[in-house]
Amino acid sequence: MNTRSSTRSGPGRLATALALAVVLVASVAVTASASAATALTVTQALATQDGRGATVTGYVIGQPTAATTVLRSGFTSDTAIAIADTAAETGPARMLYVQVSAAYRSTFGLLTNPGLRGQRITTTGTLTAYFSHGGLKNPTAMTLGGGTPAPSPSPTPSTPAPGGDHDSTYYATAIGKSGAALRSSLHSIIKVQTKLSYDQVWEALRDTDQDPANSNNVILLNTGRSQSKTGNGGGVDDWNREHVWAKSHGDFGTATGPGTDVHHLRPEDVSVNSTRGNKDFDNGGSPVAEAPGCYTDADSWEPRNAVKGDVARMIMYMAIRYEGTDGWPNLELNQSVSNGTAPYHGKLSVLLQWHQVDPPDAFEKRRNQRIHERWQGNRNPFVDHPEWAGAIWG
């Protein structure tokens with residue numbers, strides 16, 4: 001009879017136990033590491049306000065100033081931002097208030113970087129109340145985009161390559177060119193578009209100029225006012241369709257073509273639109289009471305700082321899109337502020353300056369994308385590739 005025990009003992013059993021222990025510890029370590037590397041949503045972070053360290057990803061909504069108050073414009077400091085799970089969030093209760101410590105203010109403070117609003121960021125810090133509200137304090141890392149950020153004492157946000165995924169497809173024939181060759185190539189690309197009726201422009205603007213903080217509203221170009229999408233018309237304080245390239249500059253009116261091209265049409269307060277009229281663009285003049293930050297005189301208009309670059313890029317788009325080859329005037333930029341009905345718009349040197357000082361922000365980039373994917377099928381190349389303005393106009 002075999003009386004050997006079925007239970008192993010001695011050195012062999014000890015070695016097996018140690019091996020199992022090593023596997024178990026390694027498994028726990030990997031699980032913990034994976035857990036630490038997983039970014040929380042804002043909703044999860046708000047439900048976990050217990051002082052633990054965590055990484056959170058969300059969209060920048062504005063600057064918190066109190067438990068129930070978040071500024072979406074007119075920012076006053078660089079010390080805090082509010083983030084949410086969607087860029088269109090309007091309820092402070094669904095936002096996480098994030099402290100922006102000194103090391104990160106030059107990149108993530110809204111007073112210095114107002115264009116950050118609407119962008120996605122990822123930050124690591126301590127989940128604890130801030131402004132008597134669900135928050136994240138003492139950040140150890142902050143970066144643009146999703147995923148786990150790498151800690152850095154002076155963070156530099158990652159910036160997508162100019163043009164993004166469109167370089168290898170939409171702009172393939174323009175890449176590497178400059179001057180007249182670039183201009184010709186861009187014209188051939190962007191002239192392929194769906195043309196809207198003037199009535200369709202109303203609905204397009206409700207989409208393209210939607211307020212990131214309130215999906216029921218649009219943002220008016222020169223006043224910056226957020227107004228109901230249905231508040232359009234011809235009455236006092238209604239909004240209407242402003243032709244940024246004044247339609248009299250080439251006398252194309254509102255007929256389908258340049259008169260209905262959404263790349264240069266924007267929602268605007270009726271009376272402010274009338275005050276601007278068909279003036280060219282330049283610096284200076286008297287303040288416009290209904291449009292803070294705007295100035296005008298007898299022959300020119302200066303928009304508010306936040307949209308100076310937007311205006312410049314819309315005018316540049318029109319000059320490249322309409323070259324006189326499809327039955328419409330050949331639109332051109334020049335140095336004049338008294339172009340009248342000629343197919344010109346100025347002042348080129350000032351527009352180039354505005355383009356430099358006010359680069360494309362999240363709102364303008366979204367607008368360009370919506371026009372491309374939902375309305376006209378073409379893009380404004382100077383939003384995707386700001387450097388092309390200098391390559392064409394010097």
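Please refer to the structure placed before this passage.
Conventions and cut-offs
Residues numbered from 1 in each chain as written. Predicted model: local features only at pLDDT ≥ 70, side-chain atom pairs only at ≥ 80, totals over all residues. Heavy atoms only, no water. Helix = DSSP H or I, 4+ residues; strand = E, 2+ residues; numbered from the N terminus. Contact = heavy atoms within 4.5 Å. Areas by Shrake-Rupley, 256 points an atom, 1.4 Å probe, with all protein chains shown as cover. Salt bridge = Lys/Arg side-chain N within 4 Å of Asp/Glu carboxyl O. Buried < 20%, exposed > 50% of the residue type's maximum accessible area, 1.4 Å probe, protein only. 1 Å grid on protein atoms, 1.4 Å probe; cavity = no way out; pocket = protein on both sides within 12 Å on 5 of 7 lines; lining within 4 Å. Points joined across faces, edges and corners; volume = space filled by probe spheres on them. Nonpolar A, V, L, I, M, F, W, Y, C, P; charged D, E, K, R; others polar.

Colleague: Outline the overall build of the protein chain, listing residues and values.
Modeller: Each helix and strand in the protein chain was counted, giving 11 helices and 17 strands. Residue pairs at least 24 apart in sequence account for 63% of intrachain contacts in the protein chain once pairs closer than 6 positions are excluded. A total of about 17,500 Å² of accessible surface is found on the protein chain, and carbon and sulfur atoms cover 55% of it.

Colleague: Explain the pattern of salt bridges residue by residue, including any values.
Modeller: Following the criterion strictly, the structure yields 19 salt bridges and no others. Of the charged contacts in the structure, one is a salt bridge between E203 and R206, with a shortest N-O distance of 3.2 Å. Of this pair, E203 and R206 both sit in helix α5 (residues 198-208), separated by three residues, roughly a single helical turn. E203 gets classed as partly exposed once you look at its relative accessible area, which sits at 44%. Notably, a salt bridge pairs D209 with R266, separated by 2.7 Å at the nearest N-O pair. Of this pair, D209 sits in the loop between α5 and β7 (210-211) while R266 sits in strand β11 (residues 265-269), and the two are 57 residues apart along the sequence.

Colleague: Let's hear about the side chain of N273: which residues, and what values?
Modeller: Here N273 shows up in helix α6 (residues 270-276). The exposure class assigned to N273 is buried, which follows from its relative accessible area of 14%. Ignoring anything within four residues of it in the chain, the contact list for N273 reads N240, R241, E242 and E268.

Colleague: Just give me the short version of the layout of surface pockets, but keep the residues and values in it.
Modeller: Its boundaries defined by the atoms lining it, the second largest pocket holds a volume of some 160 Å³. Forming the boundary of the second largest pocket are 13 residues, of which R241, H243, K247, N273 and G277 lie nearest the centre. Elements with a minimum of two residues in the lining of the second largest pocket: β10 (239-243) and α6. Of all the elements, β10 adds the most residues to the lining of the second largest pocket, at four residues. Each residue belonging to the lining of the second largest pocket can be placed in one class, and the counts come to three nonpolar, seven polar and three charged.

Purely geometric numbers; function is a separate question.
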